[in-house]
Amino acid sequence: MIKKIVLMGNPNVGKSVVFSRLTGAKVISSNYPGTTIDYSKGKMILDGKQVEIIDAPGTYSLEPSNKAEEVAVKMLEDADVIIDVIDSTNLERNLYLTLELLERNIPIIIVLNLWDETKHLGIEIDKDELERILNVPVVTTVALTGEGIKELVSKIKKAKTSEKIKPTIDEGRWIEIGSIIKKVEKIGHRHHTLRDRINDLTIKPLTGIPIAIIVIFFSFWIVRLIGEFLSVNVIGQIFEIVYKPLIMDFGEWLGDGIAYQILISQDFGVVEFTESLGMLTTGLFVPLAMVLPYIIAFYFMLSILEDSGYLPRLATLVDNIFHKIGMHGYGIIPLFLGLGCNVPGCLATRTLETRKQRFIAATLLAIAIPCMAQMAMIFGILGPYGIYYILLVFLSLIIIYITVGLILNRIIKGPSPEIFLEIPPYRRPSFNVIIKKTWMRIKWFLKEAIPFLFVGVLIINILYTVGFLQWLGNALAPIMEGLFGLPGGASIAMVTGFLRKDLAVGMLIPLNMAPLQLVIAATMLTVYFPCVAAFAVLVKELGIKDMIKSASIMISTALIVGVILRFVLLGV
Amino acid sequence: MHRKTASLVHLNRGDSGRIIEIHGGPGFRRRLNVLGVREGQIVKVVSRQPLRGPLTISVGYSQMTIGRGMAHKIIVEVI
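Thresholds applied
Residues numbered from 1 in each chain as written. Chains lettered and ligands numbered in written order. Predicted model: local features only at pLDDT ≥ 70, side-chain atom pairs only at ≥ 80, totals over all residues. Helix = DSSP H or I, 4+ residues; strand = E, 2+ residues; numbered from the N terminus. Rg over C-alpha atoms; globule rule 2.2 N^0.38 Å. Domains from an automatic or database assignment. Contact = placed C-beta atoms within 7 Å. Buried ≥ 20, exposed ≤ 12 C-beta atoms within 10 Å, placed from the backbone. Expected span 1.5 Å × (residues − 1). pLDDT = per-residue confidence, 0-100.

Q: Please set out the overall build of chain B residue by residue, giving values where relevant.
A: Of the regular secondary structure elements, chain B holds 2 helices and 6 strands. Going from N to C terminus, chain B has its helices and strands arranged as β-β-α-β-β-β-α-β. Its C-alpha atoms give chain B a radius of gyration of 11 Å, near enough to 12 Å, the size a compact globule of 79 residues would have. When the backbone C-alpha atoms are referred to their principal axes, chain B occupies close to 35 × 30 × 25 Å.

See below:
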C-alpha cells in the first residue's frame, strides 16, 4: 500500500515543477516542526486512492550540511515510495544522491527531468541501460511542458528497491558513478549558447553590476505597478464601496462610546480608513489594503527572480560588500524586499544561515531601509525643494546601513560563514509554480503576520484613547528641540510613525521646517524604529531577547545619527 | 613540461586547473564533493569579484560561487 510519496533531488532540478504537475490545486505549505524550513505537500490519486505527496527540500546528499537538508533526510523515514528527480544535464553529480537513496531500501522511481535540454547540450543518455544498471524504473520528463508525467504516474506502482546497489562509502560511490557514466552517457561537442553568454555577462562584475542595477529597478517598478494597482483600484475600492457602508451602519447601531472608539473611530460618525485607528477600520485596512498588495506583488516578483536563477548571481555580485558587514551575498534579499515593505524583508532574513547574520540583517533593515510607502512620502515632501535633499536622505541611509553593519560585524559574536551556493543555469520559470509559490507565501502572511498587525493597531489605539501617545509626544518634544534642532511638534510624528511611517512623514508638512530640517526629520523617521507591523514580525523572528538588543541598537543609532546630522547639516 | 600547482584563489578569470588536493575538514570537503568539486576534476574560474569578493567556478556542468577562504583551500595543477 502506497500512502506517502516523497520527492527527492538536488536543488534546482525542477523538482517543484514535477511536484506541481503531480498534485492538484490543493497544496499545503508548512513549516517542518521545530524549524523555519518550508516544504509543500499535496495529494494525488493513484488507482482510485488518495496518496500524500511531499516535496522535500533540495539536497545534494543524505549527509546533510544544513537545516533544509536535515529536513529532507528526516522526510525519508516514513516514505513508501521515493521519486528521485534528476537533472539530466548534470547526471554525474545527481547520481551521488541517487546512489545514497538506493542504498536505503525504499522503493524508488527515477525521473530524468529537463530531458529536452540534453539534446541542445549534445548529451546522450542511454535510459534503458541506466534502468538496467540501477535495477529500478527510470522515466524521462520535461516537467515544464508536462511531457512524460503520465508515464511517471503510471509507473509509480512499479517503484522498487534495487538489488544491485550495495551500501558503500563516498569514495566507493564516486567510483561506481564513474563506471555508470561511462556506460550510459555520451557527451558530444558543446556549443557556446546564448544562455552561456548571458550567464557570463551577468556574473562578471564589469557587466554584471550595471545589469543588476537595471534588473532591480525594473523589478521595483513592476512591484510598485502591481502593488499600487491592487491597493488603490482593487482592495481599496472593496473597502470603500462594499465595506464602508456596512461599518457605518454597524457604528450607528453601536452608538458613541468607548466601544465605538476602539472598534471604529476616534471621531463619531467619521470613518477614514487610514486615520480612524479603529480595530475594524484602520486595523483591517492597513494590513489588507496597504500592506498585502505589496506583499502579493513582491512575492510574485521574487518567485520569478528565484525560479529563473537570477538571485544566486545577484548574491554573488554583492557578496564582497555584504561579507564586510557580517552577512554574505544573500543579505541583499531581505534588503531588497524591505524596500517594498519591511514585513516581507524581515521574513526573508531567514534565508541567512547563522544567528549573527540574521540579527545583523534584521537590525539593519529596521534601521536604514525605508519602505515603499515611506519613500513615496519622502519624495512628496522634499521633492519641491529639489532632488538634492532627497539624495541627502538616501545618502545618509546608505552611510548608516554600512557603518552600523561594520560595527555590528565587530561586536556581534558568532560565525558568519562565507558564501557558498550553486549557480544554476538560467531557466524559464513555470507559471504554475510561480503562482502556487506566490499564493502559498501570501497564505502564510495572512495566517502569521496579520494577527500581529491587528493586535498592534489595537494597542496603539488603546494608548491613543487613554491619551498616552499624546503625553509621550509632549514628553519627547524637548529631545527634538534640544538634540536634533527640530520643532517640538515633530515628536508627535515620531510617535505616530510607529503605526504608519508614511502618515508620520505627512505630519511633518504643517510644521514649516527648513528643507535641511526636513531631511533630518525624514531620516530620523526611518531610522528610529520600524513600524508596528515590522516590529511584530521582528519579535517573532528574532525572539524577545534579541529583539530588545536590536531595539536598543535602533534607538541609540537614531540618537547618534540625529545629533550628527544636526551638526553636519544645520551647523549648530 | 613543468607543472605548476597553485591555490585556486590565485588563478585568473578564464584559467583552468586539475584539482589535486582539497584542504579543510571532512564536512567542508563533502559539501564541495557533492557539487562535483573533487580531486582529479577540472575546475575553471568563471569570474572573480573585486574587493576580495568571491569566485565563481565551474566543474563539469555545475557552477558555484565560493568565498576566497574556501578557494584558498583548493589546490590545483594549472593547465
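Q: Which residues make up the domain arrangement of chain A, and what values do they have?
A: Residue and element names in this part refer to chain A. Taken domain by domain, chain A holds domain 1 (4-187) and domain 2 (207-570). Look at where the C-alpha atoms of domain 1 and domain 2 centre, and you get two points 40 Å apart. At the interface, 11 residues of domain 1 touch 11 residues of domain 2. Breaking the side of domain 1 that touches domain 2 down by element, the ones donating at least two residues are helix H1 (15-22) and strand E2 (27-31). Per-element tally for the side of domain 1 that touches domain 2: the top contributor is H1, with 3 residues.

Q: Describe in detail the environment of Arg355(A), supporting the description with residues and values.
A: All names here are of chain A. Mapped onto the elements of the fold, arginine 355 is located in helix H15 (residues 355-368). Residue class for arginine 355 comes out partly exposed when judged on the 16 C-beta atoms lying within 10 Å of it. Counting along the chain gives 302 residues from arginine 355 to isoleucine 53, while the straight-line C-alpha distance between them is 32 Å.

Q: Give a detailed account of helix H25 (residues 544-570) of chain A, specifying residues and quantitative values.
A: Residues and elements named next belong to chain A. Spanning 27 residues, H25 covers 38 Å between terminal C-alpha atoms, matching the ideal 39 Å at 1.5 Å per step. Ser550, Ile553, Met554, Thr557, Ala558, Val561, Gly562 and Leu565 are the residues of H25 that are buried. In this structure, the buried side of H25 is in contact with H15, helix H17 (387-411), helix H20 (468-484), helix H23 (515-527) and helix H24 (532-542). Looking at the residues trailing H25, positive phi occurs at glycine 571, about 70°.

Q: I'd like to hear about the confidence of the model for chain B, residue by residue, with values.
A: Taken residue by residue, chain B gives an average pLDDT of 92. The fraction at 70 or more is 97%. The complex prediction reports pTM at 0.85, with the ipTM value standing at 0.93.

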